[in-house]
Amino acid sequence: MLVPGNRDNGKKERLSDSLMQKVADGDRAAFEQLYCITQNSVYCFLLSIVKSHSTAEDLMQDTYLSVRKSIQHYIPQGKPLAWIFTIARNLAYMELRRAQRQESSDFAEEENHVGVDVISNTIDNLVLQKALEILNEQERNIVLLHVTQGFKFREISSLLDIPIGTVLSCYNRAIKKLYKAVNEDRFG
Amino acid sequence: MTKKEMKQSLRNAVLTATPDVLGEILAVQNDSSVVEFKKESNPKSHIISFRMASCAIAAALMLFVGIFFMVQPTVDSIVSIDVNPSIELSVDPQDTVVKYRALNEDAVNVLDGMDLNRMDLGTATNLIIEAMLHDGYLSADSPENTILISVANDDTEKVQHLQSKVTNSVDTTLKQNHTKATILQQGDPVTDDVKSFAKENNISVGKADFVKKIAETDQNLNSSDLAAMSIKELTSLVDIHQIDLSGIVTTEIEPEVPEEPDFVDSDGDDNIVKNPGVDSSKPENNPSSVPEQEPVQPPASSGSDAVKDSGIPPQTSPESSEPAEEKPLENSSSAVTSDPAGTTPIDDPDQKVLIEEGDSSPYCEYCGSLLSVCESKCDQSEGKQYCKYCGQLLSVCNGTCPGAQPPEQSDPPAEMKLDENPGNIDGIVTQDTVIQKG
């Protein structure tokens, strides 16, 4: 599976079952390669669910630790990123449930500061904040994976197990909604 | 801002915000460290763990307590079965026997080798009645089998249910063994007074209740003396004193037997002839104690009169009562009582038997054995064809006994050693035994 590259080279790298097998064999270099290939996608996916930078960062660590721990249980089906996304999604939902039980407002507080601490560019920070505020979870997933990671709609449909038509319509609707919100906030 | 610029800004924002946690991940070398990492990253998990542990402990405790109480049998009702053996069964709400105990030696014999725990009440009753039949406490040949079934429970419907269940089981067992019996039922709640009385006299609560009710009807009767009597003796006493049992017990089965016993001994006991094949140690239907001071009834008096005239409870307790030997019919002139194998009668003046012989007598008038046992195979010679040396029938002896005397017809010797009579009837009946033909 071709995965969008990291921030440095920007080209797509191949994430294959053989790489997963090397990781399962305890190859540290293979794990580092796996991390480099998938870190942006995993963070982007987690951020679209929890809408919090710090929580997404913690969950990102947990996700890769779980991947290392559970790599023996991976069944090669040509979809390693989907398997990693499944682990990340489960961890994110567990964290959301825990936070909901404790009636914590940590996420709400974090949401407002998602771009403040780590994103220096004001416009970039504004766009990301608006995307996290006005889009629902499915729209966030599709928009972030497509726009920031360069996943094709067909790949997103496969990764998120959503019909391709739904992905397309949802994306178009989300972009219009975000565009309108960003411009209203900047010029309104 | 165009859409393209917006997308670029969004892409830059995410790429900028993406953390690099590879170093932290690689710092974790093993699985145990993974657990510690998770705990450190989430301090609130300690609270969750503590709550889960508390819930687990509470659940385990409840499970343990639940199992403990489930294992402990709950006694819902007490069912007493009294013939002379007194057996008390404690049953749970599911009619399962959870505890049982024998209240006299006869009951110990009946329950010997029997395990009734966790057994259905009907099955347990079936086994008990079969054991009583096997041991001779109930006999197909006895017309006066009497069984008292008592159920102690505050719930009237439950009492009726258990009475019906036990009675049906008893009835079925008796029918299978071609035995008839009178079943007396009572189902009143047991009071503390009855319980203490039962404990003092070591009898079942059902019998204690029955005895106290009888004693209340006649002030001349001593409840302690009544407690020592068997159920059959109690029913006889009820007949003597003409006590109305309708308010005390209910009679389930009326046996089609003569009203009066066929045979009673001279001192009021109503033991009947015992099957010679039965071991002498085996008890009879009504192993009652015989007051020694009771005068010998004249031959003209019937057996029932003898019982009625006695009217006094036996002095010995049921526990000390040996299973009475069945005493054969004897003719006053021949004074011979024997089994088909040829038994020389034993002279025992203390064991005189008054015999009332009627048309319905089930005993052979010659050998005194049950007709079903004798089958007219005895010599019908009123005991005159016995070898005077060995006591066997002349046809059996045929001059081969140690006396080396040729067989001849003669009256049997008045005294004969018991061990020389292989077919004797346990040395109970005597030559003095009188038969009264009715």
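Residue indices begin from 1 for each chain and proceed along its sequence in written order. The naming scheme follows written order: chains are lettered A onward, ligands numbered 1 onward. Selection of residues for local features in this predicted model requires a pLDDT of at least 70, selection of side-chain atom pairs for listing and counting requires 80 or more, and totals for whole chains, interfaces and linings are taken over all residues. As a rule here, side-chain values cover all heavy atoms of the structure and leave hydrogens and water aside.

J.: Could you give an account of the overall build of chain A, with specific residues and numbers?
T.: When helices and strands are tallied, chain A shows 9 helices and 2 strands. Helices and strands appear in chain A in the N-to-C order β-β-α-α-α-α-α-α-α-α-α. Throughout this description, buried means an accessible area under 20% of the type-specific maximum (1.4 Å probe, protein chains only), exposed means over 50%, and partly exposed covers the range between. The buried share of chain A, taken over its 188 residues, is 52%. Residue contacts follow a heavy-atom distance rule, with two residues in contact if any of their heavy atoms lie within 4.5 Å. When contacts within chain A are restricted to residue pairs at least 6 apart in sequence, long-range pairs at least 24 apart make up 62% of them. In short, Shrake-Rupley with a 1.4 Å probe defines the accessible areas, and a residue's cover is counted only from the protein chains shown. Carbon and sulfur atoms provide 47% of the accessible area of chain A, an area that totals close to 8,900 Å². Each helix corresponds to a stretch of at least 4 residues labelled H or I by DSSP, and each strand to a stretch of at least 2 residues labelled E; elements are numbered beginning at the N terminus.

J.: Let's hear about the interface of chain B and chain A: which residues, and what values?
T.: Each side of the interface is counted separately: chain B has 31 residues, and chain A has 42 residues. The rule for a salt bridge is simple: a side-chain nitrogen of Lys or Arg has to be within 4 Å of a carboxyl oxygen of Asp or Glu. The interface formed by chain B and chain A holds 0 salt bridges in total. The term polar contact refers here to a pair of N or O atoms within 3.5 Å; inside protein, the definition further demands a hydrogen-donor-capable atom paired with an acceptor-capable atom, and it admits residues adjacent in sequence only when both atoms are side-chain atoms. Here chain B is connected to chain A by 10 residue pairs in polar contact (both at pLDDT 80 or more). Those elements that provide at least two residues to the side of chain B that touches chain A are helix 1 (3-17), helix 2 (22-27) and helix 3 (31-41) of chain B. It is helix 1 of chain B that provides the largest number of residues to the side of chain B that touches chain A, a total of 12 residues.

J.: Could you give me a rundown of the packing of helix 2 (residues 28-50) of chain A against helix 3 (residues 53-70) of chain A, with the residues and numbers involved?
T.: Geometry of a packed helix pair, given as the angle between the helix axes and the separation of the axes. Residues and elements named next belong to chain A. In this analysis, axes come from line fits to C-alpha atoms, helices being fitted only over the stretch in contact, and the angle between any two N-to-C directions falls in the range 0 to 180 degrees. Packing of helix 2 against helix 3 brings their axes to within 9 Å, and their N-to-C directions diverge by 135 degrees. Looking at the two axes, helix 2 sits oblique to helix 3. For the pair helix 2 and helix 3, the crossing hand works out as right-handed. Across from F31, L34, Y35, T38, Q39, V42, Y43, L46, L47 and V50 in helix 2, the residues of helix 3 making contact are H53, T55, A56, L59, M60, T63, Y64, V67 and R68. Split into classes, the residues belonging to the contact of helix 2 with helix 3 amount to 13 nonpolar, 5 polar and 1 charged. Throughout this description, any angle smaller than 35 degrees is read as roughly parallel, any larger than 145 degrees as roughly antiparallel, any in the 65 to 115 degree range as roughly perpendicular, and the remainder as oblique. Two helices that cross are described as forming a left-handed crossing if the nearer one is turned anticlockwise from the farther one by less than a right angle, and a right-handed crossing if clockwise. Residues were grouped as follows: Ala, Val, Leu, Ile, Met, Phe, Trp, Tyr, Cys and Pro as nonpolar; Asp, Glu, Lys and Arg as charged; and all remaining residues, including Gly, as polar.

J.: Run through the pattern of salt bridges, naming residues and quoting values.
T.: Residues and elements named next belong to chain A. For the coordinates displayed, the defined rule picks out 12 salt bridges over all chains. With a shortest N-O distance of 3.6 Å, E32 and R28 are connected by a salt bridge. Taken as a pair, E32 and R28 lie in helix 2 at a separation of 4 residues, close to a single helical turn. When its relative accessible area of 29% is taken as the criterion, E32 is described as partly exposed.

J.: Tell me what's going on with the confidence of the model for chain A, and back it up with residues and numbers.
T.: Close reading of the predicted structure is inappropriate where its pLDDT is low. What pLDDT reports is the predictor's confidence in each residue, on a scale of 0 through 100. With 82% of its residues at a pLDDT of 70 or more, chain A shows a mean pLDDT of 81. The low-confidence segment residues 109-113 of chain A (pLDDT under 50) makes 6 contacts with residues lying over four places distant or belonging to another chain.

J.: Hey, could you go over a negative patch on the surface for me, with residue numbers and the actual values?
T.: Residues and elements named next belong to chain B. Patches here are clusters of residues that have more than 30% relative accessible area and form no salt bridge, with a 9 Å joining cutoff for like charges and a 5 Å cutoff for nonpolar side chains (Val, Leu, Ile, Met, Phe, Trp, Tyr). His residues and chain termini do not enter the charge count, which takes Lys and Arg as positive and Asp and Glu as negative. Each charge is placed at NZ for Lys, CZ for Arg, CG for Asp and CD for Glu. A surface patch of negative charge is lined by D76, D154, D155 and E157. Summarising the element assignment, E157 is placed in helix 7 (residues 156-176). Note on E157: relative accessible area 63%, which makes it exposed.

J.: Pulling in residues and values, what's your account of the packing of helix 8 (residues 192-201) of chain B against helix 9 (residues 205-217) of chain B?
T.: All names here are of chain B. Packing of helix 8 against helix 9 brings their axes to within 8 Å, and their N-to-C directions diverge by 110 degrees. It follows that helix 8 is roughly perpendicular to helix 9 by the angle criterion. Between helix 8 and helix 9, the residues in contact are D193, V194, K195, F197 and A198 and V205, A208, D209, V211 and K212, respectively. Considering only residue class, the contact of helix 8 with helix 9 consists of 6 nonpolar, no polar and 4 charged.

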